[in-house]
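# Chains, contacts and geometry: an overview
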Amino acid sequence: MIEIKNVGKTFNSGGKGLEALRDISLHIKAGEIFGIIGLSGAGKSTLLRAVNRLGEPDSGEIILGGTDVTKLGPGELRSLRRKVGMIFQHFNLLSSRTVSGNVAFALEVGKWPRKDISRRVAEMLELVGLSDKADSYPSQLSGGQKQRVGIARALANKPSVLLSDEATSALDPKTTQSILALLEDINRKMGITVVLVTHEMGVIRQICHRVAVLEAGKVAEIGNVRDVFMRPKSRTARELLSHLPRMSYDVDKLPKEPGKPVVTFSFNGGTADQPIISRAIKTTGAEINILSGEIDNLPASQVGSLTVQLAGTEEEIAGALSYIRSQNVETEVIWNG
Amino acid sequence: MDNLAELAGLLATPTWETLYMVFFSTLFATLMGFPLGIVLVVSEKDGILENEYLYRVLDGIVNVLRSFPFIILMIVLFPLSRFVVGTTIGTTASIVPLAIAAAPFVARVVESALKEVDHGLVEAAVSMGSSPKEIIFKVLVPEALPSLVLGETLTVINIIGYSAMAGAIGGGGLGDLAVRYGFHRFQTDVLIAAVIVIIVMVQAIQGAGNALARRVSH
């Protein structure tokens, strides 16, 4: 769907060149929700804005639905942009127009016949749940409502791709949840490809299928969200994950009894719903005492981790661990004395 | 002057002349300055139709015109007034220098009002596939409307001030009246009356401008 090939971009600031993107290549599949995450300055917004050429890349190709975006003339570029919706961190709504007027703006630009505009506006406001605010001005709306208008406006021209530039970063956690749920819903119902830039791992976790982690203008890691969350390879991914409210065990507070090791089990999608623990207890006779745990719901699967204390004879404990490992669960011994 | 009716009779024609001069000068200044302001905004660095050369030339012209003291500009423009109106004396002739003096002012007012529009809005419009024309007339101008109304108010008031000066060299109007009676004939009451009429005019225009600006901002 979107093929980014060897894209590079350098900003000139005060005589010094700042390499924002260095030879980035990645493929975004049709219909997926693709996340781009990184610390500030990693180049994630620059990459996103290269897709609709809000920011011109210096080199490389961006193939969108068969055409190389970087080679389009002004007129062709405008028609392409009508098929690529975009939402922004600060919503960017016209204060001089009502909610309806803001959505109508996209349709006017998209050259819709005047008679069809009001019907389409009503349809879009219905989709985002703002039908009752049609005649309000943006200054009368909350942040979440403003972003809903932004989404309605971005989708009005029936785009095949929606670009989201930190769309939830200015919202409180609860509103963020509802906006993400709306985006996920739209992705599922309309099959629209969503490319989402964020600096929050929580956003990636909630709705993305795949994620690319950017580090200093390069792709540090790319993969299924589950894999990146389970086994983050890049420093950035690990650092960003550390800010999430993960299952946290405090090593000092763990029970430390001789012969009773403390172990963390990491479950991935295929095993999180299996009764592995109870089977391990039944088949080996070891005792397993659960200390803490968490299950994350990812769009495609569940991942979880569990910290437990094992008790029993050495044989029983070793047997329980090897059974659990045989079930594709990763184990990490945290304390053993 | 002891007769109030006589004073009113004396003021009527110059008041009318001032209104006439101010109205048409504002109209022509806006017709020239508004497009110029828009071109300045879109052609400047990082504008939607960036053109450094054009910007520098227009920017220079605006600065030069604004540097002229009005009274000098008026004399310099006598030949133009004669060409356009057929004479250099009178209210209609004064409209030419008044409009030309105010046009670069209007251009700057428009430029600064449009520059205040959040760049994010322009970006959003670009992302939707808007043409430069759509960005100017559907985003920049409507979004800047409250500032534009206040700027236009400022222009009208400035032109009232200039028109009094135009009066001093044969332009007619309230300024002319004040100079002739108040200064040359020591009839202070006529001078005061003329000034009061000007004050009332300025107050009314500022009040109307503020009210209109409030109405168009959301």
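What counts and what doesn't
Residues numbered from 1 in each chain as written. Chains lettered and ligands numbered in written order. Predicted model: local features only at pLDDT ≥ 70, side-chain atom pairs only at ≥ 80, totals over all residues. Helix = DSSP H or I, 4+ residues; strand = E, 2+ residues; numbered from the N terminus. Buried ≥ 20, exposed ≤ 12 C-beta atoms within 10 Å, placed from the backbone. Contact = placed C-beta atoms within 7 Å. Domains from an automatic or database assignment. Pairing = 2+ DSSP bridges. Core = buried A, V, L, I, M, F, W, Y, C linked by C-beta atoms within 7 Å. Nonpolar A, V, L, I, M, F, W, Y, C, P; charged D, E, K, R; others polar. Axes fitted to C-alpha atoms, helices over the stretch in contact; angles between N-to-C directions. Parallel < 35°, antiparallel > 145°, perpendicular 65-115°, else oblique. Left-handed = near helix turned anticlockwise from the far one by under 90°. pLDDT = per-residue confidence, 0-100.

## Let's talk about the overall build of chain A
The number of helices and strands found in chain A is 11 helices and 14 strands. Reported as C-alpha extents along the three principal axes, the dimensions of chain A are approximately 80 × 50 × 35 Å. Put simply, chain A has 337 residues, and 40% of those count as buried. Within chain A, residue pairs in contact and separated by at least 24 positions form 69% of the contacts whose partners lie at least 6 positions apart.

## So, the domain arrangement of chain A
Interface size is commonly expressed as the accessible area that is lost once the parts come together. For chain A, the assigned domains are domain 1 (2-242) and domain 2 (251-335). Once you take the C-alpha centre of each, domain 1 of chain A and domain 2 of chain A turn out to be 40 Å apart.

## Let's talk about the sheet that holds strand β1 (residues 2-13) of chain A
All names here are of chain A. Across the sheet, 4 strands lie side by side as β2-β1-β4-β5; this open sheet has antiparallel pairing. The two strands at the open ends of the sheet, each matched to only one other strand, are β2 (16-28) and β5 (67-68). Bridge analysis of β1 against strand β4 (residues 59-64) gives 5 bridges, and the strand direction is antiparallel. Bridged to Glu3 within β4 is Ile63.

## Re the nonpolar core
Grouped together as the largest cluster of nonpolar side chains are 146 residues, with contacts concentrated most on Ile36, Val51, Val103, Ala152 and Val195 of chain A together with Leu98 and Ala102 of chain B. For this core, the leading source of residues is helix α5 (residues 91-115) of chain B, giving 16 residues. Both domains that meet at this core, namely domain 1 (2-242) and domain 2 (251-335) of chain A, each give it at least three residues. Ignoring anything within four residues of it in the chain, the contact list for Val51 of chain A reads Ile2, Ile62, Leu64, Val69, Val84, Leu163 and Val195 of chain A.

## A few points about the interface of chain B and chain A
The interface is formed by 17 residues belonging to chain B together with 19 residues belonging to chain A. Elements with a minimum of two residues in the side of chain B that touches chain A: α6 (119-127) and α7 (132-171) of chain B. Residues belonging to the side of chain B that touches chain A are distributed by class as follows: 7 nonpolar, 6 polar and 4 charged.

## A word on the pairing of β1 of chain A
Sheet topology note: the β1 of chain A/β2 of chain A ladder contains 9 bridges and is antiparallel. Bridged to Phe11 of chain A within β2 of chain A is Leu18 of chain A.

## A word on the packing of helix α10 (residues 276-284) of chain A against helix α11 (residues 314-326) of chain A
All names here are of chain A. Their axes nearest at 9 Å, the elements α10 and α11 cross at an angle of 140 degrees. With respect to their mutual orientation, α10 and α11 come out oblique. Note that α10 runs across α11; the crossing there is right-handed. For the pair formed by α10 and α11, the contact residues are Ile276, Ala280, Thr283 and Thr284 on the first element and Glu316, Gly319, Ala320, Tyr323 and Ile324 on the second. Residue classes in the contact of α10 with α11 are distributed as 5 nonpolar, 3 polar and 1 charged.

## Some words on the sheet that holds strand β7 (residues 161-165) of chain A
All names here are of chain A. Judged by pairing direction, the sheet is mixed, and its 6 strands sit side by side in the order β6-β7-β8-β3-β9-β10 without closing on themselves. Of all strands in the sheet, those bounded by a partner on one side alone are β6 (84-88) and β10 (218-224). Adjacent strand axes in the sheet meet at a mean angle of 15 degrees, parallel and antiparallel pairs treated alike. As judged from the 5 bridges shared by strand β3 (residues 33-38) and strand β9 (residues 210-215), these two strands associate in the parallel manner. Counterpart to Phe34 in the pairing with β9 is Arg210. Running over the sheet, helix α9 (residues 235-242) touches β3, β9 and β10 and is turned about 110 degrees from β9.

## Here's the deal with the confidence of the model for chain A
The predicted model of chain A averages 89 in pLDDT, with 93% of residues at 70 or higher. The least confident element of chain A, judged by mean pLDDT, is strand β14 (residues 330-335) of chain A at 78; the most confident is helix α3 (residues 99-109) of chain A at 97.

## Notes on unusual backbone geometry
Residue and element names in this part refer to chain A. Despite not being glycine, Lys158 shows a phi value in the positive range, around 55 degrees. Position of Lys158 among the secondary structure elements: in the loop between α5 (143-155) and β7. Positive phi values are uncommon outside glycine, yet Ala216 reaches one of about 45 degrees. When you line up the elements, Ala216 lands in the loop between β9 and β10. According to the C-beta neighbour criterion, Ala216 is partly exposed, with 15 such atoms within 10 Å.

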